[in-house]
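# Structural overview for review
Chain by chain, the residues:
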Amino acid sequence: MSKEKTSWGSIKTNFARTKHKVLASFGAAETTVDSKIVAEKEKLFTLFKLMKRLNKNVDKYEATLKEINILQNEISHDLLALNENDPAIKSYQEVSTSLEQERIRIEEILENYYHDPLRVYLSQFRDIRSRLEELDLRRLDMDRYYRDYNIKANKGKDASSLQKTENKHTKTKEAYQELSDEIMKDMYALFDDRKLAFDPAFACFINRNNEYFARAAAEYQGALGSVQHINEFDATSHPQAITPIDSSSMSRNVRSSSVFTSPKEFSSNGSTPTQRPRASTIATTPSPSSTSSYDSSPYSTTTTTTTTTNNSVNLSKPSYGVPSPQQQHYPPPQQQYQSPQQHDEVPYSSPHVPQQQPSINLHKSPVNTSPINGGGSGRPLPTPAPTTSGVTLNKPRSTTMASGRPLPMPAPAPTTRRVQALYDFQGQDSTELSFKKGDMITVFKQNGEWYDAELNGVKGLVPCNHTSG
């Protein structure tokens, strides 16, 4: 029962304190302000922050020394891997081992004579902070009981109720004043004690660092004899052992050769040959009285011809023999063909004949095997059988354009040039080339501020302002 009563009383007290805080924040209740406590509290906790930051930096300093010793140990192991018999390297390993042992010894001393005393000193600041929180609660109770007393007095409450409220106010005021005086005395003492608490710890820190660096100087002085005969400035004038990048074969781009950039077909003298237009078979009907001026064809040809009387259809299908090497003759391309207007073209008649159904007789007949314009590369033209009113189907097969022009020539090989990289460049994506200063880059063309280029067989974009071009 007593525990429940205490719990209920705590709830009522906390509610009353919160209510008074809200009223004070809106100016509806008076608040006691102790200016001496406020000023001394600000001064004391400024010192507390400074001491905490100092300890944190000392911890970082010790961690840095430890990291330096770890790095020295790793360096000594790497040097021994290069040459384990070098006396200078062995001396350096001995120095790193000795300094690590000294660091461990000093770290233990600082823990006992620097960190522990300062931890005790700084813990007092935390105690003062807890007491200040309690003082603030007593001030809050004192102010709210004073307000309650004034409200009851103004309302004309009975004397017993007023006396009870006045007693609460007096008791909280005495408790506040008692704790306030104690805190003020302790804050003065703690602030003045900073020198007596810190000076011994700081002296330990200085002495241990002096011992460490004196030991380091002595160890390195002993190792100095193994390198005194070496001129440390020779490293700046030491020549390069490998082939310089400017004269290295790597700087020459193999794919910039004409073998990779020119068309696939070349003539014997290296120039692109003139394309010979393909032959076009044009059906012609030579005049019976005219004498053919064409050269004899290198091909021997036989033709199956269908001959009919009045209403007949002439179907001819040439078959070609294989000429002997002595018979092959090709005229120059510019004299191979003439315009179809130079021959009598055989007009197409309508294949539909309204007369009686024609009868077809198959027999062989000689054909005209002379190629057009005397060339040996055209197909032989069949000679239709003479008819009085027949239909001749002899559709030419042309391999040239409708105007008789030859097919277009291949595009010439693109021109390239080489530029030198003036700076290093790292490509941001797969479309940009990465290169180093001094690289020789093959440029195909320029697109604004970028080149279409190639380096070591890889094509991509290169910024113009990074090259000598």
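In what follows, the accompanying structure is described. These figures come from a predicted structure and were not determined experimentally. (Residues numbered from 1 in each chain as written. Predicted model: local features only at pLDDT ≥ 70, side-chain atom pairs only at ≥ 80, totals over all residues. Heavy atoms only, no water.)

## Some points on the pattern of salt bridges
Under the definition given, this model contains 18 salt bridges. Across the pair Arg105 and Glu211 runs a salt bridge, and its minimum N-O distance is 2.8 Å. Placement of Arg105 in helix 3 (residues 87-155) and of Glu211 in helix 5 (residues 194-223) is noted, with a sequence separation of 106 residues between them. Exposure remark for Arg105: the relative accessible area of 33% places this residue in the partly exposed category. Owing to a relative accessible area of 28%, Glu211 belongs among the partly exposed residues under this scheme. (Salt bridge = Lys/Arg side-chain N within 4 Å of Asp/Glu carboxyl O. Helix = DSSP H or I, 4+ residues; strand = E, 2+ residues; numbered from the N terminus. Buried < 20%, exposed > 50% of the residue type's maximum accessible area, 1.4 Å probe, protein only.)

## Let's talk about the pairing of strand 9 (residues 458-463)
Here strand 8 (residues 450-455) pairs with strand 9 via 6 bridges, running antiparallel. Note on strand 9: the bridge partner recorded for Glu454 is Lys459. Counting the residues that bridge the hairpin from strand 8 to strand 9 gives 2 residues, and of these Asn456 lies at a positive phi of roughly 55°. (Pairing = 2+ DSSP bridges.)

## Notes on the side chain of Arg208
With respect to the helices and strands, the residue Arg208 is situated in helix 5. What makes Arg208 buried here is its relative accessible area of 14%. Ignoring sequence-local partners within four residues, the contact set of Arg208 consists of Ile106, Ile109 and Leu110. (Contact = heavy atoms within 4.5 Å.)

## Re unusual backbone geometry
One non-glycine residue, Asn456, lies in the positive phi region at around 55°. In this structure Asn456 comes out as exposed when scored by relative accessible area, which is 51%.

## Here's the deal with a positive patch on the surface
On the surface, a cluster of positive charge is contributed by Lys41, Lys49, Lys52, Lys56, Lys60, Arg126 and Arg129. If you list the elements that add at least two residues to the positive patch, you get helix 2 (35-82) and helix 3. Here the element with the most residues in the positive patch is helix 2; it accounts for 5 residues. The exposure class assigned to Arg129 is partly exposed, which follows from its relative accessible area of 39%. (Patch = residues over 30% accessible without salt bridge, like charges linked within 9 Å, V, L, I, M, F, W, Y side chains within 5 Å. Areas by Shrake-Rupley, 256 points an atom, 1.4 Å probe, with all protein chains shown as cover. Lys, Arg positive; Asp, Glu negative; His and termini not counted. Charge placed at Lys NZ, Arg CZ, Asp CG, Glu CD.)

Without other data, these values stay purely geometric and don't point to any function.
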